[in-house]
Amino acid sequence: MQSWTAELSTRAQAAAELSDRVATIAASATGADGAVRVTVAASGAVTDLRLDDRVQRIPGAELANIIMATIARAQAGLTEQVSIAVHDTVGTDSESGRAVTDSFARRFPRPADEPDRWERDARNGW
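Everything in this summary refers to the structure shown in the same document. (Residues numbered from 1 in each chain as written. Predicted model: local features only at pLDDT ≥ 70, side-chain atom pairs only at ≥ 80, totals over all residues. Heavy atoms only, no water.)

Pairing analysis gives five bridges linking strand S2 (residues 36–41) to strand S3 (residues 46–51), with the strands arranged antiparallel. Of the residues in S3, the one forming a bridge with Arg 37 is Arg 50. Here S2 hands over to S3 after four residues, with Gly 44 in that stretch at a positive phi of 95°. (Pairing = 2+ DSSP bridges. Helix = DSSP H or I, 4+ residues; strand = E, 2+ residues; numbered from the N terminus.)

Have a look at this one:
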């Protein structure tokens, strides 16, 4: 009984540590060859948006697409960080670890890595 209680206590502590770590996770991504930078919190909400002066050459609709794609890449980065936190705390083979990782992967899937037109143009010296 003591062994079982100790194991439960250890699992509860690991789950609490995972919760604390996930709550503080943030991820960033760039777009348009670094002209756009987005940071998101663990919830996926945008917490910072930086636009370089180079974005003035990008038409508004295209800039909006670049920003949205950059947000999606930043959010997908959350899944990677959560996977590391799961590994370090409750373990990737645990039921709770898989549930947390799967939840983030479903909410923030990895977008296609197709560079936008402005990133291609930037590589060619726009």
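We are not done yet, so read on.
Strand order across the open sheet formed by three strands is S1-S2-S3, with antiparallel pairing between neighbours. A single partner strand is all that each edge strand has here, and the edge strands are strand S1 (26–31) and S3. Across the sheet, the mean angle separating the axes of adjacent strands is 15° when strand polarity is ignored. Both S1 and S2 contribute to a ladder of six bridges, which runs antiparallel. The residue of S2 that forms the bridge with Gly 31 is Val 36. In the packing of helix H2 (residues 60–88) onto the sheet, the strands contacted are S1, S2 and S3, and the crossing angle to S1 comes to about 145°. (Axes fitted to C-alpha atoms, helices over the stretch in contact; angles between N-to-C directions. Contact = heavy atoms within 4.5 Å.)

With that settled, consider the nonpolar core. Ile 25, Val 36 and Leu 78 are the most contacted members of the largest nonpolar core, which has 26 residues in total. Listed by contribution, the elements that provide at least two residues to this core are helix H1 (2–23), S1, S2 and H2. At nine residues, the largest contribution of residues to this core is made by H2. What Leu 78 contacts, discounting residues up to four positions off in sequence, is Ile 25, Ala 26, Ala 27, Val 40, Ala 41, Ala 42, Gly 44, Phe 104 and Phe 108. (Core = buried A, V, L, I, M, F, W, Y, C linked by side-chain atoms within 4.5 Å. Buried < 20%, exposed > 50% of the residue type's maximum accessible area, 1.4 Å probe, protein only.)

From the geometry alone we can't say anything about function, so treat these as descriptive.
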